Amino acid sequence: MAREFNTVGVVGLGTMGAGIVEVFARNGVDVVAVEINESALERGQTTLIGSIDRAVARGKLTEEERHALLSRVTFAVGLSALGGVDLVVEAVPEHLDLKQAIFTELDRTCPPHAVLATNTSSLSVTEISVATHRPNQVVGMHFFNPAPIMKLVEVVRTVVTADEVVDDIEALCTRLGKVDVTINDRAGFIANALLFGYLNHAVGMYEARFASREDIDAAMKLGCGLPMGPLALMDLIGLDTAYEILDTMYRRGGRDRRHAPSPLIKQMVTAGLLGRKSGQGFYTYEGPGSPVVVADPLTPDPAGTAVEAGRAIAKVGVVGSGTMATGIIEVFAKAGYDVVSVTRGRERSATLRSAVEASLTKAVVRGKLPEEDRDSALARVTWSSTVDHLADVDLVVEATVEELSVKKALFASLDEICKPGVLFATTTSSLPVIECAMATSRPEDVVGLHFFNPAPVMPLVEVVRTIRTAPEAVATARAVCARLDKHAVVCADRAGFVVNALLFPYLNDAVKMVEASYSTADDIDYAMKLGCGYPMGPFELLDVVGLDVSLAIIRELYLELRDPGFAPAPLLEHLVTAGYLGRKVGRGFRAYGR
Ligand SMILES: NC(=O)c1ccc[n+]([C@@H]2O[C@H](COP(=O)([O-])OP(=O)(O)OC[C@H]3O[C@@H](n4cnc5c(N)ncnc54)[C@H](O)[C@@H]3O)[C@@H](O)[C@H]2O)c1
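My aim in this report is to walk through the structure given alongside it, one point at a time. Computed from a predicted structure; not experimentally measured. Sequence positions are assigned chain by chain, starting from 1 and proceeding in written order. The predicted nature of this model means local features are confined to residues of pLDDT at least 70 and side-chain atom pairs, given and counted, to a pLDDT of 80 or more, with totals for whole chains, interfaces and linings taken over all residues. As a convention, hydrogens and water are excluded, and side-chain values are obtained from all of the structure's heavy atoms.

1. Digging into the overall build of the protein
Strands are runs of DSSP state E lasting at least 2 residues, helices are runs of H or I lasting at least 4, and numbering of each runs from the N terminus. Within the protein, the regular secondary structure consists of 23 helices and 18 strands. Structurally, the protein occupies a C-alpha span of about 85 × 55 × 45 Å along its principal axes. Relative to its 594 residues, the protein shows a buried fraction of 54%. Contacts were defined at the residue level, with two residues in contact if any of their heavy atoms lie within 4.5 Å. For the protein, contacts bridging at least 24 residues in sequence account for 69% of all contacts bridging at least 6. Both charge centroids of the protein, one from 58 positive and one from 73 negative side chains, sit 4 Å from each other. Categorising residues by exposure relies on relative accessible area from a 1.4 Å probe, with only protein chains included: less than 20% of the type maximum marks a residue as buried, more than 50% marks it as exposed, and the intermediate range marks it as partly exposed. When charges are counted, Lys and Arg are positive and Asp and Glu negative, with His and the chain ends excluded. The location of each charge is read from NZ of Lys, CZ of Arg, CG of Asp or CD of Glu.

2. What about the site of the ligand?
Residues in close proximity to the ligand total 25 residues, the closest being Met16, Glu35, Glu94, Lys99 and Ser121. Residues adjacent in sequence count toward polar contacts only when both atoms are side-chain atoms; beyond that, a polar contact is any pair of N or O atoms within 3.5 Å, and within protein one must be able to donate a hydrogen and the other to accept it. Note that an oxygen atom of the ligand is positioned 2.5 Å from one of the side-chain N or O atoms of glutamate 35. A distance of 2.9 Å is found between a nitrogen atom of the ligand and a backbone nitrogen or oxygen belonging to isoleucine 237. Only the protein chains shown count as cover for residues, with accessible areas throughout obtained via the Shrake-Rupley method and a probe of 1.4 Å. Considered on its own, the ligand offers 840 Å² of accessible surface; in the complex 89% of this is hidden by protein. Elements that contribute at least two residues to the shell around the ligand include exactly helix H2 (38–57), helix H4 (96–109) and strand E6 (138–143). A molecule or strand has a residue near it when one of that residue's heavy atoms lies within 4 Å.

3. Considerations on the nonpolar core
Membership of the largest hydrophobic core comes to 120 residues, with the highest contact counts inside it found for Leu82, Leu106, Phe282 and Leu390. For this core, the element with the most residues is helix H7 (residues 191–207), which contributes 11 residues. The residues contacting leucine 390, other than those within four sequence positions of it, are Gly317, Val319, Val340, Val342, Val396, Leu414, Ile417 and Cys418. In this structure, Val316, Leu360, Val381 and Ala470 belong to the second largest nonpolar core, which totals 41 residues. By convention a nonpolar core is built from buried Ala, Val, Leu, Ile, Met, Phe, Trp, Tyr and Cys residues, the set being connected through side-chain atoms within 4.5 Å.

4. Quick word on unusual backbone geometry
The step from asparagine 145 to proline 146 runs through a cis peptide bond, and the omega angle for that step is 0 degrees. Within the secondary structure, proline 146 sits in the loop between E6 and strand E7 (152–157). The residue after asparagine 453, namely proline 454, is reached through a cis peptide bond having omega -5 degrees. Here proline 454 is to be found in the loop between strand E16 (446–451) and strand E17 (460–465). The phi torsion at phenylalanine 497 lies on the positive side, around 50 degrees, for a residue other than glycine. Tracing the backbone shows phenylalanine 497 in the loop between strand E18 (487–492) and helix H19 (499–515).

5. Points about the sheet that holds E6
By this definition, two strands are paired if DSSP reports at least two bridges between them. If you walk across this open sheet you meet the eight strands as E3-E2-E1-E4-E5-E6-E7-E8, and the pairing is mixed. Edge positions in the open sheet fall to strand E3 (73–77) and strand E8 (179–184), since each of these has one partner strand only. Ignoring which end each strand starts from, the neighbouring axes of this sheet average 25 degrees apart. Where E6 lies against E7, four bridges are found, and the strand directions are antiparallel. Following the sheet pairing, histidine 142 is matched in E7 by glutamate 154. Packed on one face of the sheet, H4 meets strand E1 (7–11), strand E4 (87–90), strand E5 (115–118) and E6 and runs near 165 degrees to E5. Here the axes come from fitting lines to C-alpha atoms, over the contacting stretch only for helices, and the angles between their N-to-C directions go from 0 to 180 degrees.

6. Re the sheet that holds strand E15 (residues 423–426)
Taking strand neighbours across the sheet as the criterion, the eight strands line up as E13-E12-E11-E14-E15-E16-E17-E18 in an open arrangement whose pairing is mixed. Each edge of the open sheet carries a strand with a single partner, namely strand E13 (381–384) and E18. Between one strand and the next, the sheet's axes are offset by a mean angle of 25 degrees, whatever the strand orientation. Across four bridges, E16 lies against E17 in antiparallel orientation. Paired with phenylalanine 451 across the strands is valine 461, a residue of E17. Against the sheet, helix H8 (residues 213–224) makes contact with E17 and E18, and its axis sits at roughly 125 degrees relative to E18, the strand it touches most.

7. As for the packing of aromatic side chains
When the centres of two rings from Phe, Tyr and Trp lie within 6.5 Å, Trp using its six-membered ring, the rings pair. Their planes under 30 degrees apart give stacked, over 60 give edge-to-face, and anything left gives tilted. Scanning the model with the defined rule gives seven aromatic pairs in all. Measuring from centroid to centroid gives 5.3 Å for phenylalanine 332 and tyrosine 337, while their planes differ by 65 degrees, and the two rings are edge-to-face. What makes tyrosine 337 buried here is its relative accessible area of 2%. An aromatic cluster is built from Phe332, Tyr337 and Phe451, whose rings are joined through pairwise contacts. Distance and angle both matter: a charge sits over a ring if NZ of Lys or CZ of Arg is within 6 Å of the ring centre and within 35 degrees of the ring normal. Positioned above the aromatic ring of tyrosine 337 is the side chain of arginine 483, whose terminal nitrogen or guanidinium carbon lies 3.9 Å from the ring centre. Positioned above the aromatic ring of tyrosine 580 is the side chain of arginine 587, whose terminal nitrogen or guanidinium carbon lies 4.0 Å from the ring centre.

8. Comments concerning the pairing of strand E11 (residues 315–319)
In summary, the side chains of a regular strand alternate between the two faces of the sheet. Across the five residues that make up E11, a large majority, four, are buried. As for the winding sense of the linkage, the β-α-β connection from E11 through helix H13 (residues 323–334) to strand E12 (residues 338–342) is right-handed. Here E11 pairs with strand E14 (residues 395–398) via four bridges, running parallel. Across the sheet, residue valine 316 finds its bridge partner in E14, namely leucine 395. By the criterion used throughout, a crossover qualifies as right-handed when its path from the first strand across the helix to the second strand runs clockwise, the strands pointing away from the viewer.

9. Section: the packing of H7 against helix H9 (residues 230–237)
In the contact formed by H7 and H9, the axes pass within 9 Å of each other and the chain directions differ by 115 degrees. Regarding the angle of H7 to H9, the classification is roughly perpendicular. Along this stretch, H7 crosses H9, giving a crossing that reads as left-handed. Counted together, Leu195, Phe196, Tyr198, Leu199, Ala202, Val203 and Tyr206 of H7 and Pro230, Leu231, Leu233, Met234 and Ile237 of H9 form the full contact between these two elements. Gly is placed with the polar residues, together with every amino acid not listed as nonpolar (Ala, Val, Leu, Ile, Met, Phe, Trp, Tyr, Cys and Pro) or charged (Asp, Glu, Lys and Arg). Considered class by class, the residues forming the contact of H7 with H9 number 12 nonpolar, no polar and no charged. Any angle that is under 35 degrees is reported as roughly parallel, and any over 145 degrees as roughly antiparallel; angles of 65 to 115 degrees are reported as roughly perpendicular and all others as oblique. A crossing counts as left-handed when the near helix is turned anticlockwise from the far one by less than a right angle, and as right-handed when that turn is clockwise.

Listed below in structure tokens is the structure:
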């Protein structure tokens, strides 16, 4: 029988603490909520009440439940109020000396049977535990932000934590409606160890003006289905907290440069730009604590986008016959463009035509496309097997094999054939766009248009500008995306653009975690889905994308960035060598029935 925790203390009612109080009180546990002084206590109380009132307004909580919930919470200043609790969850700022001092005092104040838990994200639970005389009763209980919503709790066990304490805390998580994963005491545990390298990398991209804050965030939301973009997430976490977590992970986690906090974070913290809690971070909010973003001088002017006229595009050439070309032809034809499809040979052309027809017909059968729209879309496409037919198009989209020599040769011949003023685009996902541009005599007219697979479904296109691309060529590409009903994000010409550069190192890190026997693929997938709201865990995603494709992208990133942290995980290389390529062959990290 697991022990009952009837009264729980929560220390620190900031971003996390206030949410943790709500979790306990919602689940029938009495809570003593403690802050450092009256004003902080009042702020914590306001946060808690605001969150509960929002739940009532959304119909998730009744008035009676609200009343019952609040009657379970006692508010107090100072740790002396914790003399009668069975468990304490500490959620004060991420500083080891502060946490150790608090644990020493908790050890003195709390009853001998009480379990002491820390919500630390990155500090050593072991080091915190030795500040008490009961290190075997100390655990990590790492909730996720926002605590009332995110399902995951990472339970952190040190080498001295008693087994029954871990069992009791796991049972408590279940009672709170949470899913727990239990892990050893390593910097960042599971989720943060995978999340913070990615967040820091995104900040670095923003700092280097690689793309705008809106574009970085939109890329990850629309390209990967994440609930929020990395910069908006930094604002939610709090930049001061994020800085401390990165700094600790850097020092504890083997000085991986990817965890060395981007200088911008420290500057913003010093300037008081802490994110949502201070009303301003990467974005500006309606007020401190508000989730509502308001316009500021960095907000793009929606009218401005319409003004960037660009060139008139009516006729589009699509070169290639693979998956991407098939989808892209469909997208352009559906949007009302005249399309010239160019493949190598009639047979390929016929196969491609059937594929496009089949896909459009599927949309008709599903009721997503009227039959006459399918017919008119198909009537707009000319099927050709020679690039000579591209002489009068306004835009050429190259979607051939991912080999630089092939693409360069194609762009050189397009340069000879196409009329002046044509916009050239490559759909490459990993090669430098500038290489294609320099194969022509008009690099200012060349952009990347990185569609995602399947092109008719995925809402995102990365518009890649090289150092030679004319601003008006970028404006044209954006206008085309708008007509295709795709969300364009503009980014510089660097390996992986935005999405792949941020996504694949994270997937690679997850593989390294399994390789080091630190956790299992199942627990890691759970942690990212339930702790961070990702639609798929990293191993599910790797198996879907294909391990060979993923490895190729990771190698490309490593070649360009040269940072040892980006080196492909040997386990990934071995699985690819062994032919375990993912779902497409029935086996990757997991085995699939075929
Ligand atoms: N922010 C996140 O997304 C997140 C997620 C999971 C875990 N965490 C961890 O939770 C902990 C708290 O982070 P946060 O983001 O809530 O910080 P925060 O700065 O928002 O809140 C900390 C609170 O602790 C209070 N406090 C400081 N000293 C105190 C003391 N001596 N006694 C009582 N209260 C005291 C402060 O007044 C403040 O209200 C950190 O260890 C952090 O790493 C944060």
